[in-house]
Amino acid sequence: MTKLAQWLWGLALLGSAWAALNVGALGLELPAPCRDVLWPLPAYLLVAAGCYALGTVGYRVATFHDCEDAARELQNQIQEARADLSRRGLRF
């Protein structure tokens, strides 16, 4: 099962549980404070998921490792390519 299918199944299960609790399909009589929290719950979860995603991206950017050896190797290859092209008559 792909990750997308797993997320869709999870969202479908949560969405169906939320809808069943909102319309009273389970026969449960929820107190008014619980119903007041239950109604905007998808919006709360969406905001929480967005905050988590933003935090994860920020952490990954902050802890990104530079590859200094690869950068030096690339600079050397660029210099070699420029020298080769200069020998062939190309001017920069």
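- An unreviewed UniProt entry lists the protein chain under the name Dolichol-phosphate mannosyltransferase subunit 3, from Heterocephalus glaber.
- In its Function (unreviewed entry) section, UniProt records this for the protein chain: "Stabilizer subunit of the dolichol-phosphate mannose (DPM) synthase complex; tethers catalytic subunit to the ER."
- Per UniProt, the protein chain has the following entry under Pathway (unreviewed entry): "Protein modification; protein glycosylation."

**Examining the UniProt feature "signal peptide" (unreviewed entry) in the protein chain**
Piece 1. Taken from the UniProt record, the annotation "signal peptide" (unreviewed entry) applies to residues 1-19.
Piece 2. Secondary structure across residues 1-19 comprises 89% helix and 0% strand; the distance between its end C-alpha atoms is 26 Å.

**Here's the deal with the pattern of salt bridges**
Piece 1. Inspection of every chain in the model, using the stated rule, returns four salt bridges.
Piece 2. Its salt-bridge partner being Arg88, residue Asp84 comes within 3.5 Å of it at the nearest N-O pair.
Piece 3. Its relative accessible area of 25% is what places Asp84 among the partly exposed residues.
Piece 4. Several salt bridges share partner residues, and in doing so they unite Asp84, Arg87 and Arg88 into one network.

Here is what the cut-offs are and how they apply
Residues numbered from 1 in each chain as written. Predicted model: local features only at pLDDT ≥ 70, side-chain atom pairs only at ≥ 80, totals over all residues. Heavy atoms only, no water. UniProt positions renumbered as here; feature names shortened; annotations may be inferred. Helix = DSSP H or I, 4+ residues; strand = E, 2+ residues; numbered from the N terminus. Salt bridge = Lys/Arg side-chain N within 4 Å of Asp/Glu carboxyl O. Buried < 20%, exposed > 50% of the residue type's maximum accessible area, 1.4 Å probe, protein only.

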